[in-house]
Amino acid sequence: MPTLAEKTVSPAPTASPTGEQRPSEPKQPLATVLIVDDAPANLTLLEGYLCFFNYGVRICERAEEALQAAKGVDIILLDVLMPGLSGFELCKELKADPATREIPVIFMTALGQTTNKVKGFELGAVDYITKPLNAEEVLARVRTHLTLRQLQKDLQNEVAAKNRAISDLDAYAHTVAHDLKGPLNNIAGFSQLLAADAGRLPTEKVEEFSRLVHKSTLRLGNIIDELLLLASVRQEDAPLEPVDMQTIFEQTCQRMKQEIDAAQVEFELPTAWSACLGYGPWLEEVWANFLGNALKYAGQPPRVRIVAETRPEGIYYAVEDNGNGLSPEQCERLFRPFERLDRTRAQGHGLGLSIVKRIVEKLGGEVGVESPGRGTRFYFLLKPVERLPQP
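Residues numbered from 1 in each chain as written. Predicted model: local features only at pLDDT ≥ 70, side-chain atom pairs only at ≥ 80, totals over all residues. Heavy atoms only, no water.

Here we look at the overall build of the protein chain
For step 1, the next point in the chain: Along the protein chain, the regular secondary structure elements total 11 helices and 13 strands.
For step 2, the next point in the chain: Out of the 391 residues in the protein chain, the part that is buried amounts to 42%.
For step 3, the next point in the chain: The contacts of the protein chain with a sequence gap of at least 6 include a subset with a gap of at least 24, amounting to 71%.
For step 4, the next point in the chain: If you sum the accessible surface of the protein chain, you get close to 21,200 Å²; carbon and sulfur atoms cover 53% of it. (Helix = DSSP H or I, 4+ residues; strand = E, 2+ residues; numbered from the N terminus. Buried < 20%, exposed > 50% of the residue type's maximum accessible area, 1.4 Å probe, protein only. Contact = heavy atoms within 4.5 Å. Areas by Shrake-Rupley, 256 points an atom, 1.4 Å probe, with all protein chains shown as cover.)

Laid out in structure tokens, this is it:
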């Protein structure tokens, strides 16, 4: 009898020994079952029956072999009485190993005493089957506990997702409160000065304070727009469609014309732009964030290089500045949710790059940053047009 072998090929018959028809066979086994038993007759019976219904099967005649074979399986059928390590002892070791702790274990036993059944449950087994084995009963219990395990995994994933959302929300609330506080303080302070002393202030001071109030108001508007965008990206799916990236980039530059003119930046543009799959309004926000960073942190005189390349993995776009660059530690944490870098030259907020990451990943792409020395390159990678999903 072979050991540690995974059987995934169903036998030739189209019906089980009891007349049950084999279901249409999927490409992959429904699940992988490890059978640990020293009785060849039991192994032959269970292996044939489970393979018939398209379950992958691994078999072990000794419990010592099962410690390694159990890694990666979906459920374990475990005999209680075996030479050497017993089924109870094996179950205890499986439940002590993080790699196998969550795998459901069903005991197979001829022992009828209640104490033995209780001991099995205390060790972490989910069920037991009494020998002599009935193949249909074994299949039914395997199906039941695989379904329960999948429901448990789904629930765990849902809880983990909600915990991540709560963590994001905490960071989000802290970031928003911090970002809103500065502009609000400016508006409150300068408007109070204008209201109390406008008649006694020099004209140039009134104009200066008014400009600062206006600038802070625009800042609040930008933050609110980004919050609305972040909410829409989290909740909505955008249809992938061919986009003209050159047009989107030019629209972004027109929108940011005042900042670009003020920075007196020198652009190096690509000679050709490859079309990609995306969603125009969201991609304009990606360019706006990357260009905004480049304008803030570029060197003197400021130079910004725009990259558009067709690569084997997709269409690659990047914004590269000639500033001081980032440390590897800064690059590593830059796209974490609501992360803020300590910069002295410009005040940013932690929403922008988080939004960029969510947008690009929602569009099926990748986003990142490179800073090999002087200068920083923010990039994103999207699918080419020929990879448009078929309806």
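Still to come is the rest of the account.
Points about helix α1 (residues 40-52)
What sets the pattern is the α-helix's 3.6 residues per turn: residues three or four places apart point alike.
For step 1, the next point in the chain: Given a rise of 1.5 Å per residue, 13 residues ought to cover 18 Å, and the 18 Å separating the end C-alpha atoms of α1 matches this to within 8%.
For step 2, the next point in the chain: Restricting attention to buried positions, one finds in α1 the residues Asn42, Leu43, Leu46, Glu47, Tyr49, Leu50, Cys51 and Phe52.
For step 3, the next point in the chain: Looking at the residues trailing α1, positive phi occurs at asparagine 54, about 65°. (Expected span 1.5 Å × (residues − 1).)

Describing the packing of helix α7 (residues 245-255) against helix α9 (residues 280-297)
For step 1, the next point in the chain: Between α7 and α9, the least distance of the axes is 9 Å, while the angle of their chain directions is 55°. Our classification of the angle between α7 and α9 gives oblique. α9 is crossed by α7, and the crossing has right-handed handedness. On α9, the residues that touch Met245, Ile248, Phe249, Gln251, Thr252, Cys253 and Arg255 of α7 are Gly280, Leu283, Glu284, Glu285, Trp287, Ala288 and Leu291. (Axes fitted to C-alpha atoms, helices over the stretch in contact; angles between N-to-C directions. Parallel < 35°, antiparallel > 145°, perpendicular 65-115°, else oblique. Left-handed = near helix turned anticlockwise from the far one by under 90°.)

Brief notes about unusual backbone geometry
For step 1, the next point in the chain: Along the chain, lysine 131 connects to proline 132 via a cis peptide bond; the corresponding omega equals 5°.
For step 2, the next point in the chain: Structurally, the position occupied by proline 132 is in the loop between β6 (127-130) and α5 (135-197).
For step 3, the next point in the chain: Phi angles above zero are rare outside glycine, and asparagine 54 is one such case at about 65°.
For step 4, the next point in the chain: Among the secondary structure elements, asparagine 54 is positioned in the loop between α1 and β3 (56-60).
For step 5, the next point in the chain: If you check the backbone angles, glutamine 264 has positive phi at about 50° while not being a glycine.
For step 6, the next point in the chain: Within the element layout of this structure, glutamine 264 appears in the loop between α8 (257-263) and β8 (266-268).

Observations concerning the layout of surface pockets
Any space left empty among the atoms is revealed by the rolling of a water-sized probe across them.
For step 1, the next point in the chain: Size it by volume and the second largest pocket reaches roughly 230 Å³.
For step 2, the next point in the chain: In terms of lining, the second largest pocket is formed by 14 residues, of which the most central are Ala31, Asp74, Leu146, Arg149 and Lys153.
For step 3, the next point in the chain: Looking at the lining of the second largest pocket, its residues break down into seven nonpolar, two polar and five charged. (1 Å grid on protein atoms, 1.4 Å probe; cavity = no way out; pocket = protein on both sides within 12 Å on 5 of 7 lines; lining within 4 Å. Points joined across faces, edges and corners; volume = space filled by probe spheres on them. Nonpolar A, V, L, I, M, F, W, Y, C, P; charged D, E, K, R; others polar.)

Examining empty space enclosed by the protein
For step 1, the next point in the chain: Tallied over the full model, the rule gives one cavity of 30 Å³ or more.
For step 2, the next point in the chain: Its volume calculated, the largest cavity comes out at about 70 Å³.
For step 3, the next point in the chain: Lining the largest cavity, in full, are Val80, Phe88, Phe107, Thr109, Asn116, Lys117, Gly120, Phe121, Ala125, Asp127 and Tyr128.
For step 4, the next point in the chain: When contributions to the lining of the largest cavity are tallied by element, the ones reaching two or more residues are β5 (105-109), α4 (114-122) and β6.
For step 5, the next point in the chain: Of the residues in the lining of the largest cavity, the class split is six nonpolar, three polar and two charged.

With respect to the nonpolar core
For step 1, the next point in the chain: Counting 41 residues, the largest nonpolar core has Met245, Trp287, Phe290, Tyr317, Phe335 and Phe380 as its most contacted members.
For step 2, the next point in the chain: The greatest single-element share of this core, amounting to nine residues, is contributed by α9. (Core = buried A, V, L, I, M, F, W, Y, C linked by side-chain atoms within 4.5 Å.)

Brief notes about the packing of aromatic side chains
For step 1, the next point in the chain: Counted by the stated rule, this structure contains 16 aromatic pairs.
For step 2, the next point in the chain: Ring geometry for phenylalanine 52 against phenylalanine 53: centres 4.9 Å apart, planes inclined by 75°, an arrangement best described as edge-to-face.
For step 3, the next point in the chain: Residue classification places phenylalanine 53 among the buried positions, given a relative accessible area of 2%.
For step 4, the next point in the chain: Site record: aromatic cluster; members linked through ring pairs are Phe249, Phe267, Trp273, Trp287, Phe290, Tyr317, Phe378 and Phe380.
For step 5, the next point in the chain: One cation-aromatic arrangement involves arginine 143 over phenylalanine 53; the distance from NZ or CZ to the ring centre is 5.3 Å.
For step 6, the next point in the chain: Above the plane of the ring of tyrosine 316 lies arginine 311, whose end atom (NZ or CZ) is 3.6 Å from the centre. (Phe/Tyr/Trp six-rings, centres within 6.5 Å; stacked < 30°, edge-to-face > 60°. Lys NZ or Arg CZ within 6 Å of the ring centre and 35° of its normal.)

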